[in-house]
Amino acid sequence: MDTDFMRLALAAIASALLAIPAHADAPLIVIEQSQIPFDLGPAHPANKPSRMSNSPNSAWNSAANSANSSSAYENRPSNPANSERLIITGDGGVMGFYSRNAGGVLNLFDVNGRRIAYRPAKGTRSLFTTDGQWCGTVDGVRGGGFVLGVTRSCAARFNR
């Protein structure tokens, strides 16, 4: 599958999901890692889990950084702002919510506020699990917002 086709497919899916009557703005789709273009996958140098800026030990990505903690107000399910940053499925189910820390890291949380994954602030569109495994990719959609394309194992983390 070529890169342009995959991007168009992600954008089309995101547009369809955004039409669901909900306040969500981050549709989540399950992807097959083998089907995504090289520039979005973990083999690309910018997306490698071993790259220091992608590491869960990097200061901004770290679970030890209080800005990524479930106990930080910005990251709590009880924060009203998070009801506008939902992660949804194709059938309108809520998987969790997202928030960005001051360093620009995108954090993904389950509905209980447990941190599932993150996207480093710059240099990649890849998502990584809290233990540093490649988890998927983030792609923007026309008109704003974005779609989360995650592996089956990453999506399963939201349901634990």
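To be clear, the structure that these remarks concern was listed above.
What you see is a predicted model, and the numbers here were worked out from it, not measured in a lab.

J.: Just give me the short version of the state of the cysteines, but keep the residues and values in it.
T.: Here is the idea: a disulfide is a covalent bond, and it sits between the sulfur atoms of two cysteines. This structure, assessed with the given rule, holds 1 disulfide. Paired by a disulfide, Cys135 and Cys154 hold their sulfur atoms 1.7 Å apart. Taken together, the residues Cys135 in strand β7 (residues 134–140) and Cys154 in helix α2 (residues 152–157) connect sequence positions 19 residues apart. Taking relative accessible area as the criterion, Cys135 reaches 0% and is therefore assigned buried.

J.: Describe the environment of Cys154, and please don't skip the residues or the numbers.
T.: The exposure class of Cys154 is buried, given its relative accessible area of 1%. Put simply, Cys154 and Gly136 are 18 residues apart on the chain and 7.7 Å apart in space, counted from C-alpha to C-alpha. Residues within four places of Cys154 in sequence aside, it is in contact with Ile116 and Cys135.

J.: Outline the pattern of salt bridges, supporting the account with residue identities and numerical values.
T.: All chains considered together, the criterion is met by 3 salt bridges. Across the salt bridge formed by Asp110 and Arg114, the nearest N and O atoms sit 3.2 Å from each other. We note a salt bridge from Asp131 to Arg157, for which the minimum N-O separation is 3.8 Å. Of the two residues, Asp131 sits in the loop between β6 (126–129) and β7 while Arg157 sits in helix α2, which places them 26 residues apart along the sequence. Overall, Asp131 belongs to the partly exposed group, its relative accessible area being 47%.

J.: Mind laying out the sheet that holds β6, listing which residues take part and the relevant values?
T.: Pairing is mixed in the closed barrel, where 8 strands are placed in the order β1-β2-β3-β4-β5-β6-β7-β8. Ignoring strand direction, the axes of neighbouring strands in this sheet form an average angle of 30°. Relative to β7, β6 is paired through 3 bridges, and the arrangement is antiparallel. When the sheet's bridge partners are listed, Ser126 is paired in β7 with Thr137.

What counts, and at which threshold
- For every chain, the first residue of the written sequence is number 1, and numbering continues from 1 onward in sequence order.
- Residue-level local features of this predicted model are given only where pLDDT is at least 70; pairs of side-chain atoms are given and counted only at 80 or more, and the full residue set underlies all totals for whole chains, interfaces and linings.
- Side-chain figures throughout are based on the complete set of non-hydrogen atoms in the structure, without hydrogens or water.
- When two cysteine sulfur atoms lie within 2.5 Å, the pair is treated as a disulfide.
- Starting at the N terminus, helices and strands are each numbered in turn, a helix being any DSSP run of H or I of at least four residues and a strand any DSSP run of E of at least two.
- We call a residue buried when its accessible area falls under 20% of the maximum for its residue type, exposed when it is over 50%, and partly exposed in between, using a 1.4 Å probe and counting protein chains only.
- Should any heavy atoms of two residues lie within 4.5 Å, those residues are counted as being in contact.
- Salt bridges, as used here, are contacts in which a Lys or Arg side-chain nitrogen is within 4 Å of a carboxyl oxygen on Asp or Glu.
- In this description, strands pair whenever DSSP reports at least two bridges between them.
- Axes, fitted as lines to C-alpha atoms, cover a helix only where it is in contact. Angles between the N-to-C directions of the axes lie from 0 to 180 degrees.

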